[in-house]
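Reading the structure
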Amino acid sequence: MENEVSNSENGYTVVARRYRPRNFGELIGQDHIAQALEKAISAGRVGHAYLFTGARGVGKTSTARIFAKALNIRADSPADLAEDIARSIDAGDDMDVIEIDGASNRGIEEIRQLRANVNVRPSRAPHKIYIIDEVHMLTNQAFNALLKTLEEPPGHVKFIFCTTDPDKIPITVLSRCQRFDFAPVQLEAIQDRLREICHNEGFEAEEQALSLLARRAAGSMRDSQSLLEQVMSFSSAEISVEQVHMLLGTADEGRLQEIVMALHASDPLQAMNLVDESVRGGSDAGQLAEQLLGYLRDLLTAGIGGGSELLKLAAPSSHAQLQELAGKWGTQTILSAIQILDEALVRMRSSVSAVTLLEVALVQICHLEQLASIPALLEQITQAGGTPQKKKPNEQLTPTNTHSTSPQAPPRPSNAPARATDVAPPSAAVAAPATKADSSEAKTSSATAATAATPPEPAHPQNSAANPTDAAAGEPTTSSDALAQWKRAVANIDGMLRDYAELATAIQTTGSDQWQVIFPPGANQ
């Protein structure tokens, strides 16, 4: 049930209560439900039980009160009586509209008392209406005791159930109710309402500050109003973006952009310094990680062609910049960064070292290029004529052609035969950035069925048949030669790519310009 707090000393009522909708016209974001209920009343087709479901703060209890007023205030009711009924229902103390908290009145005894009272006729209104909030908290015995009354209540009784978790309600109860699902309130609608409240309260608020509050509320009108009231409590007459960030423990978009640019530049030290500055400036590590996740989501959206209207955290004006960065970084890399950050967030929620876990995740993202796909390794073989150069410290495998990561093969039984599709790299592997290909280098291709690459051309193609030594140094003539060449190449790299590449059990030369690398069953799991 709505938490309606007031200060008895000075008569102050919280914003969420003062600006609660009083009629269907004031209900924001649930127009389809308002229209359906109004039409049911006008057509005389009102059911005896309704179920309102949805997230917190989207208007379930407010709609239940509005619906109760519409049912109990007749067109021919005296003005004084109608006003008194409306005021009592809004305050939650009307004698004919009984509000029950399902969390604290969840037992069978409370429901038995309700059943005993339903036969008592309303005192001054046409209907006796029971509004049970968080109805899913009732026990199974309480639900069973309610079933008969719910199915065949007296003609003057109406039930309105509100819940955030309809899956916990027995199907026998659900089947006896008309169900209405409340959607999260749209961001623009929340922002408009906050702007209206600020105007009425005598505050000037920056549009970006209102946008931040609306986004943080995540579709809950009540949450947005509670946050706005918190900002108002330590503001004079103006609400700024800085004040909102201070309240929420979040970082501004500029800081998020700086961190993401450091990740793109593979500069873990800079990324860690930026995180340290943000935390020392009052940002919460968990909030910062969630913001970064949202910013990467917007980066991904822009990179795959989404418009500015799809951005959820970044400002629409930064859409072109996001597109440019996404094109440089690559979709696969962004996806891998999102996966790493999401896994870090899960661990951070149960750890006392949230900042450290965030920093570790950022360092991992900075080293994503070292997890280049298998074609990058084969390209090194091609460039070196069969034996790649020893990789220097901090040197990354960079292919000379553009490659895409092969999709991860689905899990198969452990006894399934090995096949070429097992060559798909782990889901964290991404394609390294493309560079200009030299005309003398062989082409490298990557496919979903198998990872294939161009083996090195012989040093003396015209004499290769007559000179087996030259042939062995260049293009492998047998699968065993190819596997030996593969192992020599793998020995000169390190990190996760080496660990995976060493699992290869065989290499098949499929023609003069392709290899198929065979991995054992389960290697891709």
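Residues numbered from 1 in each chain as written. Predicted model: local features only at pLDDT ≥ 70, side-chain atom pairs only at ≥ 80, totals over all residues. Heavy atoms only, no water.

**Let's talk about the confidence of the model for the protein**
Model confidence for the protein is summarised by a mean pLDDT of 78, while 75% of its residues fall at 70 or above. Contacts of residues 1-9 to residues separated by more than four positions or lying in other chains number 21 contacts, the stretch itself having pLDDT below 50. When the criterion is pLDDT under 50, residues 386-473 qualifies, and its contacts beyond four places in sequence or with other chains add up to 187 contacts. (pLDDT = per-residue confidence, 0-100. Contact = heavy atoms within 4.5 Å.)

**What to know about the packing of aromatic side chains**
Following the criterion strictly, the structure yields six aromatic pairs and no others. With a centroid separation of 5.9 Å and 35° between ring planes, the pair formed by Phe159 and Phe161 is classed as tilted. Taking relative accessible area as the criterion, Phe159 reaches 0% and is therefore assigned buried. Judged by relative accessible area, which is 1%, Phe161 ranks as buried. Grouped by ring-pair contacts, the aromatic residues Tyr50, Phe52, Phe67, Phe180 and Phe182 constitute a single cluster. (Phe/Tyr/Trp six-rings, centres within 6.5 Å; stacked < 30°, edge-to-face > 60°. Buried < 20%, exposed > 50% of the residue type's maximum accessible area, 1.4 Å probe, protein only.)

**What about the sheet that holds strand S4 (residues 97-101)?**
The strand order S4-S5-S6-S3-S7 describes an open sheet built from five strands, whose pairing is parallel. The open sheet has two edge strands, S4 and strand S7 (178-181), and neither has a second partner. Going across the sheet, the axis of each strand differs from the next one's by a mean of 15°, ignoring polarity. By the bridge criterion, six bridges tie strand S5 (residues 128-133) to strand S6 (residues 157-163) in an arrangement that is parallel. Bridging across to S6, Asp133 finds its partner in Cys162. Each of strand S3 (49-53) and S6 touches helix H6 (residues 140-151); the most contacted strand, S6, lies at about 130° to it. (Pairing = 2+ DSSP bridges. Helix = DSSP H or I, 4+ residues; strand = E, 2+ residues; numbered from the N terminus. Axes fitted to C-alpha atoms, helices over the stretch in contact; angles between N-to-C directions.)

**Concerning the pattern of salt bridges**
Inspection of the entire model under this criterion finds 23 salt bridges. Its salt-bridge partner being Arg56, residue Asp223 comes within 2.8 Å of it at the nearest N-O pair. Residue Asp223 is located in helix H10 (residues 221-233), and its partner Arg56 is located in the loop between S3 and helix H3 (60-72); the two are separated by 167 residues in the primary sequence. Arg56 sits in the exposed class, given a relative accessible area of 53%. For Lys69, the salt bridge goes to Asp90, with nearest N and O atoms at 2.7 Å. Remark: Asp90 occurs in helix H4 (residues 79-91) and Lys69 occurs in helix H3; sequence separation between them is 21 residues. Through salt bridges with shared partners, a single network forms among Glu83, Asp84, Arg87, Asp94 and Arg124. (Salt bridge = Lys/Arg side-chain N within 4 Å of Asp/Glu carboxyl O.)

**Topic: the pairing of S6**
Across the seven residues of S6, seven count as buried, placing the element largely inside the fold. Sheet topology note: the S3/S6 ladder contains five bridges and is parallel. When the sheet's bridge partners are listed, Ala49 is paired in S6 with Phe159. Regarding topology, H6 serves as the crossover connection from S5 to the parallel S6, and that connection is right-handed. (Right-handed = clockwise from strand over helix to strand, strands pointing away.)

**So, the side chain of Glu134**
By the secondary structure assignment, Glu134 is in the loop between S5 and H6. Despite its burial, Glu134 pairs with no opposite charge; the closest candidate is Lys60, at 5.5 Å N-O. Of the polar contacts made by the side chain of Glu134, one reaches the side chain of Thr164; its length is 3.3 Å. If we ignore the near neighbours within four places in the chain, the residues touching Glu134 are Gly102, Ala103, Cys162, Thr163 and Thr164. (Lys, Arg positive; Asp, Glu negative; His and termini not counted. Polar contact = N/O pair within 3.5 Å; in protein donor to acceptor, adjacent residues only side chain to side chain.)

**Overview of helix H14 (residues 285-303)**
With 19 residues, H14 ought to run about 27 Å at 1.5 Å a step, and its terminal C-alpha atoms sit 27 Å apart, in line with that. Where H14 begins, one side-chain oxygen reaches toward the backbone nitrogen of Gly286, 3.0 Å away; that side chain belongs to Asp284. Backbone geometry just after H14 places Gly305 at a positive phi near 100°. (Expected span 1.5 Å × (residues − 1).)

**Here we look at the layout of surface pockets**
Estimates place the volume of the largest pocket at around 1,200 Å³. In this structure, the largest pocket is lined by 41 residues; those nearest its centre are Leu187, Arg215, Arg216, Lys312 and Leu313. Taken together, the elements giving at least two residues each to the lining of the largest pocket come down to helix H8 (187-201), helix H9 (207-217), helix H11 (241-248), helix H12 (253-264), H14 and helix H16 (331-348). Top contributing element to the lining of the largest pocket by residue count: H14, with seven residues. (1 Å grid on protein atoms, 1.4 Å probe; cavity = no way out; pocket = protein on both sides within 12 Å on 5 of 7 lines; lining within 4 Å. Points joined across faces, edges and corners; volume = space filled by probe spheres on them.)

**Here we look at the packing of H14 against H16**
Put simply, H14 and H16 touch, their axes get as near as 10 Å, and they point 160° apart. What the angle tells us is that H14 and H16 run roughly antiparallel. The element H14 and its partner H16 pack so that their crossing is left-handed. On H16, the residues touching Ala285, Gly286, Ala289, Glu290, Leu292, Leu293, Leu296, Arg297, Leu299 and Leu300 of H14 are Thr331, Ile334, Leu335, Ala337, Ile338, Leu341, Asp342, Leu345 and Met348. Grouping the constituent residues of the contact of H14 with H16 by class yields 14 nonpolar, two polar and three charged. (Parallel < 35°, antiparallel > 145°, perpendicular 65-115°, else oblique. Left-handed = near helix turned anticlockwise from the far one by under 90°. Nonpolar A, V, L, I, M, F, W, Y, C, P; charged D, E, K, R; others polar.)

**A short note on the environment of Ser224**
Positionally, Ser224 belongs in helix H10. Each C-alpha atom of the pair Ser224 and Leu212 lies 9.6 Å from the other, and the pair is 12 residues apart in sequence. Not counting residues within four places of it along the chain, the set of residues in contact with Ser224 comprises Ile190, Leu194, Leu213 and Ala217.

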